[in-house]
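# Report on the structure
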Amino acid sequence: MSEILVRSNRHLIIENMYRGSVVMIGNEGRIKAYCGDSYQMAYLRSAAKPFITMALVESGAAKAFGFSEAELAVACGSHIGAPEHAEAVLSMLEKMGLSEADLALAPDLSVDAKLRDQRLADHVAPRKAFHNCSGKHCAMLALCLHMGWDTADYYKKEHPVQQMLLGIVADICGLAADDIMLGVDGCGVPVYGLHLYHMALGYYNLCNGVQLAGMRREAAQIVLNAMGAQPAMVAGDKHFCTEMIRCTKGRIIGKLGADGIYCTAEREGGWAMALKIEDGNMQVIPAVVIRAFRQMNILSEEEHQYLRPFAVREIKNCRGEQVGEIKAAFHMELV
């Protein structure tokens, strides 16, 4: 059963509570600590993107098309569609001889509210390259071209590229493909349903390489190096994924997924973590991650101070006065 992870108070009254589950695993896939239901079923959502990018590298497609570290990082990311993100997406398409029209997703302005509002004010037209999943879709198209598969229906679950990716996600998460429940993600491609425990196991394997061999292990290192070297391409400046990777200098990688999913692990650190906010609230995720890190002594004091603005969110009135705060309030049970 889920537990209360975050509370928001307005002066003396607790006004809202956010429930969810967190699981941290360690060596040999053993659970180290948890709060709530470690085996809650949820969709991996965009936290699957590093696995998809790993397939891009492992297949040889990334090398064949000459994708840069920034382009690999944007494929891993849920980017905000800033100019540098759009440029990376358009560069990937150009290297493949494709255009935005080949992306099977809708045009967008940005997932970042300030950038979206600015583009609305400037009468900027929505573009597919601005969509936060455009890098992932480029990765899928590159796989299709490299493997000799048709690109027209690449988003359908029956397509060979989706069957290939399902197998890779299942393998790295310690499952058989039949164990994964498929749905449809917001960007129109298949999305993977599995337990939080297996999400954490996938990130553990990605960052520790224990269950990986040969080219798959090398592909994981290339993906992690890209995310570590280009954190701004994973999300955007002042966004949690980017700032966490940046402040730890790539030692810890993390990736959010829509509707309250977050997965994170330390490179060669012997742990990985996955969480789900029950009502899908994305704003409270950083506070949960930072509290779990704090309890498990994962961050240095310098790193904790850097990320502190994400740990507690102030509630302000229309005059800009603080009238409350949102912060995590849970305890991990050690195993």
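Located above this text is the structure these notes cover.
This text gives an overview of the structure that appears in the document. (Residues numbered from 1 in each chain as written. Predicted model: local features only at pLDDT ≥ 70, side-chain atom pairs only at ≥ 80, totals over all residues. Heavy atoms only, no water.)

Attention now goes to the packing of helix α3 (residues 69–76) against helix α4 (residues 83–96). Axis separation between α3 and α4 bottoms out at 9 Å; the angle between their running directions is 105°. Relative to α4, the element α3 is oriented roughly perpendicular. On α4, the residues that touch Glu71, Val74 and Ala75 of α3 are His85, Ala88, Val89, Ser91, Met92 and Lys95. Its residues assigned to classes, the contact of α3 with α4 shows 5 nonpolar, 2 polar and 2 charged. (Axes fitted to C-alpha atoms, helices over the stretch in contact; angles between N-to-C directions. Helix = DSSP H or I, 4+ residues; strand = E, 2+ residues; numbered from the N terminus. Parallel < 35°, antiparallel > 145°, perpendicular 65-115°, else oblique. Contact = heavy atoms within 4.5 Å. Nonpolar A, V, L, I, M, F, W, Y, C, P; charged D, E, K, R; others polar.)

Looking now at α3. Across the 8 residues that make up α3, a large majority, 7, are buried. Taken together, the buried positions of α3 are occupied by Ala70, Glu71, Leu72, Ala73, Val74, Ala75 and Cys76. (Buried < 20%, exposed > 50% of the residue type's maximum accessible area, 1.4 Å probe, protein only.)

Turning to the side chain of Glu303, a few remarks are in order. Examined against the element boundaries, Glu303 turns out to sit in helix α13 (residues 301–311). Glu303 gets classed as buried once you look at its relative accessible area, which sits at 10%. A distance of 2.9 Å separates the side chain of Glu303 from the backbone nitrogen of Ser300, its partner in a polar contact. Those residues within four positions of Glu303 in sequence are excluded, and the remaining contacts are Cys247, Thr248, Arg251 and Ile298. (Polar contact = N/O pair within 3.5 Å; in protein donor to acceptor, adjacent residues only side chain to side chain.)

So, about the side chain of Lys136. By the secondary structure assignment, Lys136 is in helix α6 (residues 134–147). Note on Lys136: relative accessible area 3%, which makes it buried. With residues up to four places along the chain from it excluded, the contact list for Lys136 reads Lys49, Ile52, Ala75, Asp185, Cys187 and Val189.

Right, let's talk about the packing of aromatic side chains for a bit. Across all of its chains, the model carries 7 aromatic pairs by this definition. Taken together, a centroid distance of 5.7 Å and an interplanar angle of 50° make the contact between Phe240 and Tyr262 tilted. Taken as a pair, Phe240 in helix α11 (residues 240–247) and Tyr262 in strand β8 (residues 261–266) lie far apart in primary sequence, 22 residues in all. The same class applies to Phe240 as to Tyr262, namely buried. Through a chain of ring-to-ring contacts, the aromatic side chains of Phe240, Tyr262 and Phe310 assemble into a single cluster. (Phe/Tyr/Trp six-rings, centres within 6.5 Å; stacked < 30°, edge-to-face > 60°.)

With that settled, consider the environment of Gly257. Following the sequence through the fold, Gly257 ends up in strand β7 (residues 252–257). Since its relative accessible area comes to 0%, Gly257 is described here as buried. In sequence terms Gly257 and Leu44 are 213 residues apart; their C-alpha atoms lie 6.4 Å from each other. Other than its neighbours up to four places away in sequence, Gly257 contacts Leu44, Arg45, Ser46, Ala47 and Met282.

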